Each structure stands twice: as C-alpha cells, then as structure tokens.
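Working through the structure, step by step
Single-letter residue listing:
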Amino acid sequence: QVQLMESGGGLVQPGGSLRLSCAAAGSIFKINAMGWYRQAPGKQRELVAEITSGGSTNYADSVKGRFTISRDNAKNTVYLQMNSLKPEDTAVYYCRFDTWIKPYWGQGTQVTVSS
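Everything in this summary refers to the structure shown in the same document. (Residues numbered from 1 in each chain as written. Predicted model: local features only at pLDDT ≥ 70, side-chain atom pairs only at ≥ 80, totals over all residues. Heavy atoms only, no water.)

What about the sheet that holds strand S3 (residues 18-25)?
Taken in spatial order, the 4 strands line up as S1-S3-S8-S7 in an open sheet, and their pairing is antiparallel. Sheet topology places strand S1 (3-7) and strand S7 (67-72) at the edges, where each strand pairs with a single neighbour. This sheet shows a mean twist of 15 degrees between the axes of neighbouring strands, independent of strand direction. Taken together, the 6 bridges between S3 and strand S8 (residues 77-82) define a ladder with antiparallel strand orientation. Opposite serine 21, over in S8, you have tyrosine 79 as the bridge partner. (Pairing = 2+ DSSP bridges. Helix = DSSP H or I, 4+ residues; strand = E, 2+ residues; numbered from the N terminus. Axes fitted to C-alpha atoms, helices over the stretch in contact; angles between N-to-C directions.)

As structure tokens, then:
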C-alpha cells in the first residue's frame, strides 16, 4: 500500500520559513500532479500549491510570492518552501499525489506561525 510521508512542520515566528517534504513510500502509479493542501481550524481544506506532470504550478492567491512548490520525480518527493510566514498560514498541511486511478494523501503535518 502506498504511503505518503510528510515532514518539516513545526512552530515558527511570523516572517520565518519552513520547508515541507512529502515522499511516497512503496510503488505508486504514474503521478499526474502533486499538491499541497491545508486545513485551518473551522475551515475547509484548501489548495495551497500544485505542480503538474508538465511542471506548471498553481498557487492560492494568499501564498503567491511567498511559497514555492517543487519536486524530485526520481525520489517521488514534493516540497513546499514557505517563506514570510504569517499567522494565517497556521494549519495542518497535507500533500497529495494525483494519479490516474486515485489520489493519495499524506497524514498531515502541523504548521503553526506564532510569536
């Protein structure tokens, strides 16, 4: 069974940076896209950033210019570099690998931005 293992979350002060990683363990179907989502308390899960198989990227307006998504296809790994973090970025962040058959989700990693 495919597992997506996330790491890199934690507590950071406003203006700080974090780098999230998500790696697939085990065999996985061809990946169409990789993405990062987040869910804050009392809110719906929302798309933060996505990178397609062709390398194009999409970002939520709230993170444009601050977050960067990247990937290492050979390692089946996706990254999210988060800079200039704000308290409103506080959420549980989930990675997702989209395949032709179905999506795979990570377990989530907590990101807390607070002074």
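Quick notes on the pairing of strand S11 (residues 109-113)
Across the two faces of S11 the burial differs, with Thr109, Val111 and Val113 buried and Gln110 and Thr112 not buried at all. The pairing of strand S9 (residues 91-99) with S11 spans 3 bridges and is classified as antiparallel. Paired with alanine 91 across the strands is valine 111, a residue of S11. (Buried < 20%, exposed > 50% of the residue type's maximum accessible area, 1.4 Å probe, protein only.)

Let's talk about the pattern of salt bridges
Per the counting criterion, the structure on display carries 5 salt bridges. With its nearest N and O atoms 3.0 Å apart, the salt bridge here joins aspartate 89 to arginine 38. Within this pair, whereas aspartate 89 is found in the loop between S8 and S9, its partner arginine 38 is found in strand S4 (residues 31-39), the two being separated by 51 residues in sequence. On the basis of relative accessibility, which here comes to 1%, the residue aspartate 89 falls in the buried class. Of the charged contacts, one joins aspartate 89 and arginine 66 as a salt bridge, the two residues approaching to 2.8 Å between their closest N and O atoms. A residue pair is termed long-range when its members are at least 10 positions apart, and aspartate 89 in the loop between S8 and S9 and arginine 66 in the loop between strand S6 (57-59) and S7 qualify at 23 residues. Taken together, the shared-partner salt bridges in this structure form one network comprising Arg38, Glu46, Arg66 and Asp89. (Salt bridge = Lys/Arg side-chain N within 4 Å of Asp/Glu carboxyl O.)

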